[in-house]
There are 2 protein chains.
Amino acid sequence: MPRAGLTRDRVAQEAAVMADEVGLGRLTLAGLAERLGVRQPSLYKHIDSIASLRRDISVQAKRELGEVLARAAVGRSGADAISAMSHAYRDWAGRHPARYEASNLMPAPGDVEDETVSATAIQVITDVLTAYRLEGDDAIDAIRAFRSTLHGFVVYEAAGAFALSADVDRSFDRLVAGFIVALGQWNETVPPVR
Amino acid sequence: MPRAGLTRDRVAQEAAVMADEVGLGRLTLAGLAERLGVRQPSLYKHIDSIASLRRDISVQAKRELGEVLARAAVGRSGADAISAMSHAYRDWAGRHPARYEASNLMPAPGDVEDETVSATAIQVITDVLTAYRLEGDDAIDAIRAFRSTLHGFVVYEAAGAFALSADVDRSFDRLVAGFIVALGQWNETVPPVR
DNA sequence: GGTTAAAGCTATTGACAATAGCCGAAAGGG
DNA sequence: CCCTTTCGGCTATTGTCAATAGCTTTAACC
């Protein structure tokens, strides 16, 4: 029996491909092993557990998404950068549903690599919002709002929750435009103390 | 062996409670049966499958959420109603994480009860946005944006993704305030044709 | 070429959903 | 009030998972 030449990266890579095809929740070691031409227990020479495999997919996905966002924002600023980044985000999530889902898994406390790559991806967003001269908590609020807005839309779209006939592309354009409008008045939107 | 007096509703009710405690993905029939004082196979006298149980939780959750939203909006209109509904939404989701997750499951095609209760919950949102005199696709875009905004925030908050020190309540207030600002200029935010 | 670590394998376990088939409890009609 | 019938429990079992134990073979290095 010749060796299959697997590595931890190779296994995670194929796992991501399989997950995007069948869904992250339907990723099984038996199925993955078959794709890799190997028996199921053999995978444990390369992974610690299926949880650790999902973590590897997550780290890889965060890295990819961060790069996609950075590439979309390069050479642009302000509303232009936000719009470009938003569309790159939605596009990537749509083409890689399971990777996208995995990219939203929180790092385990103490997992430095995962924490680093997560922070790096978020930093791209932070940098783009900097053009609006937001600082401190104002900036944090804006980043949280931006991420929430994109995430909610992408999740609902992936779930097929936008069933009506209205054009989903147009809805997304308006969502982004609306967020940019809100951002332009961000300092005037501080709600009354409650 | 005296009868436990179970019904399909009673099982779904307890399942929702258990799911909120341990997570929807960790809901098991063994655990549920133990809570109900019954052996695991006995549950099949009341449910068809664990998928159908999740569907029952989903229907129940959609009904509850719809009622919560309707109650929050009653006697209010415009920005006031949107704000009240938003806070009721986040509050309910925070107190019932698994029910909330279940409430976002899509109805199976042809499941009339599920489709009805889903539509009813969304209708509450539609009614509130009506105050902004949005019609047709404009209204659909606004509803999609509103749902996306709330959902994204609630999901990230539940996942613990807002780890920084900044006050999450304040971030949510500003998110809602920002959406209301965007809504006020909704007709001016039609993006250029791309 | 011999040693050894790594990478594959079979066999097995334990958790889980699900099915089959039995048996006692409760409900209703004569 | 008993007899029948239905229905809600039960035990036993299966198939699919992830995961572990322990063996064998490959290939890398001296």
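Named according to an unreviewed UniProt entry, chain A is WHG domain-containing protein originating from Herbiconiux oxytropis.

(A) Main features of the interface of chain A and chain B. Contact residues are listed per partner, giving 44 residues for chain A and 44 residues for chain B. The contact between chain A and chain B buries some 3900 Å² in all, and 57% of this surface belongs to carbon and sulfur atoms. The largest per-residue losses of area from chain A upon contact with chain B belong to Arg 144, Tyr 156 and Arg 174 of chain A, which jointly make up 22% of the total buried on that side. Run the count over chain A and chain B and you get 8 salt bridges. Put simply, chain A and chain B have 22 residue pairs in polar contact (both at pLDDT 80 or more) between them. Looking at the side of chain A that touches chain B, the elements with two or more residues in it are α4 (78–95), α7 (136–159) and α8 (168–184) of chain A.

(B) Here's a closer look at the protein's contact with DNA strand D. Close to DNA strand D lie 22 residues, the nearest being Arg 3, Tyr 44 and Ile 50 of chain A together with Arg 39 and Ser 42 of chain B. For DNA strand D, the backbone makes up 60% of the atoms found within 4 Å of the protein, where backbone means sugar plus phosphate. Here a phosphate oxygen of DNA strand D sits 3.3 Å away from a polar atom, N or O, in the main chain of Gly 5 of chain B. In this structure, Arg 39 of chain B approaches DNA strand D through a main-chain N or O atom, which is 2.6 Å from a phosphate oxygen.

Rules behind the numbers
- Residues numbered from 1 in each chain as written.
- Chains lettered and ligands numbered in written order.
- Predicted model: local features only at pLDDT ≥ 70, side-chain atom pairs only at ≥ 80, totals over all residues.
- Heavy atoms only, no water.
- Contact = heavy atoms within 4.5 Å.
- Buried area = accessible area lost by both parts, 1.4 Å probe.
- Salt bridge = Lys/Arg side-chain N within 4 Å of Asp/Glu carboxyl O.
- Polar contact = N/O pair within 3.5 Å; in protein donor to acceptor, adjacent residues only side chain to side chain.
- Helix = DSSP H or I, 4+ residues; strand = E, 2+ residues; numbered from the N terminus.
- Near = heavy atom within 4 Å.

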